[in-house]
Amino acid sequence: MSHLDEIQQWLVEKHLDIAYISDFRNIAYFTGFESDPIERVLALFIFPDHEPFIFAPALEVESVKKVGWKYPVYGYLDHENPYALIKEHIDKINKNPENWAIEKGNLTVERYESIKNQYPNAKFIGDLTPIIEKEKLIKTPDEIKKLEIAGQWADFAFETGFNALKKNLSEQDIVAEIQYALMKKGIMHMSFDTIIKSGKNAADPHGAPTKDLIQPHEMVLFDLGVVYDGYISDATRTVAFGEIDDKQKDIYKVCLEAQLAAQDAVKPGIPASKLDEIARNIIDKAGYGEYFIHRLGHGMGQSEHEFPSIMEGNDMELKPGMCFSIEPGIYIPGFAGVRIEDCVHVTENGCKPFTHTSKDLKIIPIK
Ligand code: MN
Ligand code: MN
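Okay, so let's go over this structure.

Scoring rules and cut-offs
Residues numbered from 1 in each chain as written. Chains lettered and ligands numbered in written order. Predicted model: local features only at pLDDT ≥ 70, side-chain atom pairs only at ≥ 80, totals over all residues. Heavy atoms only, no water. Donors = N, O, S within 2.8 Å, 3.2 Å for Na, K, Ca; no water. Buried < 20%, exposed > 50% of the residue type's maximum accessible area, 1.4 Å probe, protein only. Helix = DSSP H or I, 4+ residues; strand = E, 2+ residues; numbered from the N terminus. 1 Å grid on protein atoms, 1.4 Å probe; cavity = no way out; pocket = protein on both sides within 12 Å on 5 of 7 lines; lining within 4 Å. Points joined across faces, edges and corners; volume = space filled by probe spheres on them. Nonpolar A, V, L, I, M, F, W, Y, C, P; charged D, E, K, R; others polar. Pairing = 2+ DSSP bridges. Axes fitted to C-alpha atoms, helices over the stretch in contact; angles between N-to-C directions. Contact = heavy atoms within 4.5 Å. Salt bridge = Lys/Arg side-chain N within 4 Å of Asp/Glu carboxyl O. Expected span 1.5 Å × (residues − 1). Polar contact = N/O pair within 3.5 Å; in protein donor to acceptor, adjacent residues only side chain to side chain. Parallel < 35°, antiparallel > 145°, perpendicular 65-115°, else oblique. Left-handed = near helix turned anticlockwise from the far one by under 90°.

### Description of the coordination of the manganese ion (ligand 1)
- The protein atoms that coordinate the manganese ion (ligand 1) are Asp223 (OD), Asp223 (OD), Asp234 (OD) and Glu341 (OE), at distances spanning 2.1 to 2.6 Å.
- Taken in chain order, the donor set of the manganese ion (ligand 1) reads D-x10-D-x106-E.
- On the basis of relative accessible area, Asp223 is assigned to the buried category, the value being 3%.

Printed below as a string of structure tokens:
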């Protein structure tokens, strides 16, 4: 059953007349057409017993057709009232849709009121947000393939970054080298702003790369990912720039042990929270528990903000096709930070990572 069929079936089951999909990422998920229209209106309407249609800015209509969308697509010009036109198109299918499903987690109040103005008797009783989140939990083989290719590009990015490390270059310089190399290969978008942090800067788990020069005998944290055909990668490696001291080596060793133990434990049926517990216990026992200040992982697919969340309190049992990160970290303020991250998909008896760059401590010669 296609993603679209599942929503159609849900509409039938719930006796809903129409679904209005407004989140551009979800429109990409259902139609294959990806575009962030910013303030313009891009919408997908799905009906229980009629074919769906896309409503798009006129300048996007040709692009919608190019991705192979086999149902109608209607455009509007900037000076036209999109919601009056939407009503005209809906009227051809159903004169008075009463029971609506919307994405309560995405539809703005302004757009909600625009629909309400066209359909004063409409009842917005269906919430698509949790339904779509649930549908996205399990990736199809086709989606896994795209995530694998996005992962290969992350591996390429690591290799590029490691090769670029040398004295008198800043964190920002290394970001530039990586993104230039990717763009030359046709990868135009990162899944988020590349994070490169060296020495004590890495003790702050997020935040932007700086102009600070990367110093020999420090660890350097690379957290990056690309977008490939609408699907992302997200991976982290921490490497040593020249020999490092025993304390840095120790936090690396503990973080790696936690990452590998959690990844090894992934299999269908295990609760998500158990993975967090396994990694956290290892870091706690080594005495660094207070420095592991985030959940173990997050779901991913079209973005790094999907489910399941791999954390204490989430007892959702893992199933084949679920995709998420495993990314323990140890961040010691004023000293150093380590994070090691792979995203994986659950298989019938374990899991497979999307990225394959070695996780053994890599010491990059100072040059
Ligand atoms: Mn990451
Ligand atoms: Mn992540």
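### Looking at the coordination of the manganese ion (ligand 2)
- Around the manganese ion (ligand 2), the protein supplies Asp234 (OD), His298 (NE2), Glu327 (OE) and Glu341 (OE) as donor atoms, at distances of 2.1 to 2.3 Å.
- Taken in sequence order, the residues that donate to the manganese ion (ligand 2) follow the motif D-x63-H-x28-E-x13-E.
- Between the manganese ion (ligand 2) and the manganese ion (ligand 1), a spacing of 3.1 Å is present, and a bridge between the two is formed by Asp234. Taken together, the residues span a long stretch of sequence, with Asp234 in the loop between β10 (231-232) and β11 (235-241) and Glu327 in the loop between β14 (323-326) and β15 (329-332) at a distance of 93 residues.
- On the basis of relative accessible area, Glu327 is assigned to the buried category, the value being 9%.

### Digging into the layout of surface pockets
- In this model, the largest pocket occupies a volume close to 640 Å³.
- If you go around the largest pocket, you meet 29 residues; those closest to its centre are Ala28, Tyr29, Phe30, Thr31 and Gly32.
- Those elements that place two or more of their residues in the lining of the largest pocket are α1 (3-14), α2 (24-31) and α7 (141-164).
- Looking at side-chain class alone, the lining of the largest pocket contains 11 nonpolar, 10 polar and eight charged residues.

### As for the sheet that holds strand β5 (residues 99-102)
- Within the open sheet, the six strands sit side by side as β4-β3-β2-β1-β5-β6. Their pairing is mixed. Bordering the open sheet on either side are β4 (73-76) and β6 (123-127), each of which pairs with just one other strand. Sheet twist, expressed as the mean angle between neighbouring strand axes with direction ignored, is 25°.
- Pairing between strand β1 (residues 18-21) and strand β2 (residues 43-46): three bridges, direction antiparallel. Of the residues in β2, the one forming a bridge with Ile21 is Leu44.
- Packed on one face of the sheet, α1 meets β1, β2, β5 and β6 and runs near 55° to β2.

### With respect to unusual backbone geometry
- The omega angle of the peptide bond from Phe307 to Pro308 is 5°, so this bond is cis rather than trans.
- In this fold, Pro308 is placed in strand β13 (residues 306-310).
- Phi is positive for His15, close to 55°, though the residue is something other than glycine.
- As for its position among the elements, His15 is in the loop between α1 and β1.
- Despite not being glycine, Asp229 shows a phi value in the positive range, around 50°.
- Tracing the chain through its elements places Asp229 in the loop between β9 (227-228) and β10.
- Under the relative-accessibility criterion, Asp229 is labelled exposed at 51%.

### Brief notes about the sheet that holds β11
- Within the open sheet, the four strands sit side by side as β7-β8-β11-β19. Their pairing is mixed. Unpaired on one side and paired on the other, β7 (195-198) and β19 (363-364) mark the two borders of the sheet.
- Bridging between β11 and β19 involves two bridges; their strand directions are parallel. Counterpart to Ala240 in the pairing with β19 is Ile363.
- Set on the sheet, helix α8 (residues 171-184) makes contact with β7 and β8 (218-224); between it and β7 the angle comes to about 145°.

### Quick word on the pattern of salt bridges
- Counting across every chain of the model gives 15 salt bridges.
- With a closest N to O distance of 3.4 Å, Glu98 and Lys123 form a salt bridge. One end of the pair, Glu98, is in the loop between α4 (82-91) and β5; the other, Lys123, is in strand β6, and 25 residues separate them in sequence.
- The exposure class of Lys123 is partly exposed, given its relative accessible area of 42%.
- Between Lys249 and Glu243 there is a salt bridge; the shortest N-O distance is 3.7 Å.

### Overview of the pairing of β2
- Where burial is concerned, the two faces of β2 agree: the one with Ala43 and Phe45 and the one with Leu44 and Ile46 are both buried.
- Relative to strand β3 (residues 53-57), β2 is paired through three bridges, and the arrangement is antiparallel. Residue pairing across strands places Ala43 opposite Phe55, the latter belonging to β3.
- Turn length for the β2-β3 hairpin, with the two strands adjacent in sequence and antiparallel, is six residues.

### Quick look at helix α9 (residues 246-265)
- In this model α9 runs 28 Å from its N-terminal to its C-terminal C-alpha over 20 residues, within 8% of the 28 Å that 1.5 Å per residue would give.
- Its side-chain oxygen at 3.3 Å from the backbone nitrogen of Lys247, Asp245 defines the N-terminal cap of α9.

### Re the packing of α2 against helix α6 (residues 128-137)
- In the contact formed by α2 and α6, the axes pass within 12 Å of each other and the chain directions differ by 50°. Between α2 and α6, the crossing angle belongs to the class labelled oblique. When the axes of α2 and α6 are compared, the crossing they make is left-handed. Contacts from Arg25, Asn26, Tyr29 and Phe30 of α2 reach α6 at Ile132, Glu135 and Lys136.
- Residue classes in the contact of α2 with α6 are distributed as three nonpolar, one polar and three charged.

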